[in-house]
Amino acid sequence: MVLSVWLSLALVCIMGAMSPGPSLAVVLKHTLSGGMKNGMLAALSHGVGVGLYAAASLLGLGALMVQFPNVYQLLVYLGAAYLAYLGIKILLAKPSNNELQVQKSEVSALKALQDGFAIAFLNPKLAIFFLALFSQFIDPQNLTLSIGIIMCLTVFVIDTGWYLLVALLTEVSKNRFGFTKQNPWLDKVLGAVFIALAIKVVVSV
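Residues numbered from 1 in each chain as written. Predicted model: local features only at pLDDT ≥ 70, side-chain atom pairs only at ≥ 80, totals over all residues. Heavy atoms only, no water.

1. Notes on the overall build of the protein
Okay, so step 1: Each helix and strand counted, the protein has nine helices and zero strands in total.
Okay, so step 2: Each helix (α) and strand (β) of the protein, taken in turn from the N terminus, gives the series α-α-α-α-α-α-α-α-α.
Okay, so step 3: Within the span of the protein, comprising 205 residues, buried residues form 38% of the whole.
Okay, so step 4: For the protein, the proportion of contacts with a sequence separation of at least 24, taken over those separated by at least 6, is 89%. (Helix = DSSP H or I, 4+ residues; strand = E, 2+ residues; numbered from the N terminus. Buried < 20%, exposed > 50% of the residue type's maximum accessible area, 1.4 Å probe, protein only. Contact = heavy atoms within 4.5 Å.)

Here is the structure:
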């Protein structure tokens, strides 16, 4: 792949990764509630999910979703339902006791991995996005395995790198401004954000 073409692809991927949305909310949630480690785990699993969609788009999944809109809409609604579930769970959660802090950290680490991947996997718009994006940079007749790998790795590294940076900056800001303890008010705001995002996803279908 020519360097100028790769740089153009990378720039679009950076802009896409930096756009605010459910993915950003998930990484922020796990960083604020579980620390930088959990935020980075969410970022890593999210990058894996996005990378899989990029690979699937090269294999034709995006085109199939265009041909079968019912499947696309089903995944969109599942994603919205998952966002609403996260928001309701946050709103109904009770403050945890200090004695359960270690167990909570272990569970939330697994939850961070799950949420990071799910928020990407349940977003079929990624398949459409990558289908449209890749079509601008490749010729299907000249697509080789090495070019496909480079494109998918570019997507994975940029997406993961951005959200790892978000987790790091969130942790630094949290410590600097004293947000080191669980804040019920902040949890309510996060819960409301997730529910609002779920409504936005449904309305935009």
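2. Focus on the pattern of salt bridges
Okay, so step 1: In total, this model carries one salt bridge according to the counting rule given.
Okay, so step 2: When the shortest N-O distance is used, the salt bridge between lysine 111 and aspartate 115 registers 2.7 Å. Of this pair, lysine 111 and aspartate 115 both sit in helix α6 (residues 101-121), separated by four residues, roughly a single helical turn. The residues lysine 111 and aspartate 115 share a single accessibility class, namely buried. (Salt bridge = Lys/Arg side-chain N within 4 Å of Asp/Glu carboxyl O.)

3. Topic: helix α2 (residues 22-34)
Okay, so step 1: Here α2 is 13 residues long and its end C-alpha atoms lie 18 Å apart, about the 18 Å a rise of 1.5 Å per residue gives.
Okay, so step 2: The complete set of buried residues in α2 reads Ser23, Ala25, Val26, Val27, Lys29, His30 and Thr31.
Okay, so step 3: Glycine 35, located one to two residues past α2, shows a positive phi value of around 95°. (Expected span 1.5 Å × (residues − 1).)

4. With respect to helix α1 (residues 3-18)
Okay, so step 1: Across its 16 residues, α1 extends 22 Å between first and last C-alpha, which sits within 8% of the 22 Å expected from 1.5 Å per residue.
Okay, so step 2: Taken as a whole, α1 has its buried residues at Leu9, Ala10, Cys13 and Ala17. Projection of α1 onto a plane perpendicular to its axis shows the buried side chains occupying an angular sector of 100°, all on one side. In α1, the exposed positions angled more than 90 degrees off the buried face are occupied by Leu11 and Met15.
Okay, so step 3: Where α1 is buried, its residues contact α7 (125-135) and α8 (145-176). (Arc of directions from axis to C-beta.)

5. Section: the side chain of aspartate 115
Okay, so step 1: We classify aspartate 115 as buried; its relative accessible area is 0%.
Okay, so step 2: Separated by 2.4 Å, the side chains of aspartate 115 and tyrosine 82 make a polar contact.
Okay, so step 3: Apart from the residues within four sequence positions on either side, aspartate 115 is in contact with Val26, Lys29, His30, Tyr82 and Leu86. (Polar contact = N/O pair within 3.5 Å; in protein donor to acceptor, adjacent residues only side chain to side chain.)

6. Quick word on the packing of α2 against helix α3 (residues 36-58)
Okay, so step 1: Closest axis-to-axis distance for the α2/α3 pair is 6 Å, and the angle between their directions is 155°. By the angle between their axes, α2 is roughly antiparallel relative to α3. Helix-helix and strand crossings are classified by hand; for α2 and α3 the assignment is right-handed. Between α2 and α3, the residues in contact are Ser23, Val26, Val27, His30, Thr31 and Gly34 and Met36, Asn38, Gly39, Ala42, Ala43 and His46, respectively. (Axes fitted to C-alpha atoms, helices over the stretch in contact; angles between N-to-C directions. Parallel < 35°, antiparallel > 145°, perpendicular 65-115°, else oblique. Left-handed = near helix turned anticlockwise from the far one by under 90°.)

7. Focus on the UniProt feature "transmembrane region" (unreviewed entry) in the protein
Okay, so step 1: The UniProt record annotates "transmembrane region" (unreviewed entry) at residues 41-62, 74-92, 112-133, 145-165 and 185-203.
Okay, so step 2: In this annotation, residues 112-133 is assigned 86% helix and 0% strand; the end-to-end C-alpha distance for the span is 28 Å.
Okay, so step 3: End C-alpha to end C-alpha, residues 145-165 measures 30 Å, and it is 100% helix and 0% strand. (UniProt positions renumbered as here; feature names shortened; annotations may be inferred.)

8. Concerning the nonpolar core
General note: in soluble globular proteins, nonpolar side chains tend to be found buried as a group.
Okay, so step 1: Residues Phe130, Phe134 and Val155 are the most contacted members of the largest nonpolar core, which totals 20 residues.
Okay, so step 2: Counting residues per element, the ones that place at least two in this core are α1, α3, α7 and α8.
Okay, so step 3: Setting aside anything within four residues of it in sequence, one finds phenylalanine 134 in contact with Leu9, Ala54, Leu58, Met151 and Val155.
Okay, so step 4: Ranked by size, the runner-up nonpolar core spans 18 residues in total, among them Val26, Val76, Ala118 and Leu122. (Core = buried A, V, L, I, M, F, W, Y, C linked by side-chain atoms within 4.5 Å.)

9. Regarding the environment of glycine 47
Okay, so step 1: Structurally, glycine 47 can be placed in helix α3.
Okay, so step 2: Overall, the relative accessible area of 0% leaves glycine 47 in the buried class.
Okay, so step 3: Measuring from C-alpha to C-alpha, the distance between glycine 47 and threonine 160 comes to 4.7 Å, with 113 residues separating the pair along the chain.
Okay, so step 4: For glycine 47, the contacting residues outside a window of four places in its chain are Phe156, Asp159 and Thr160.

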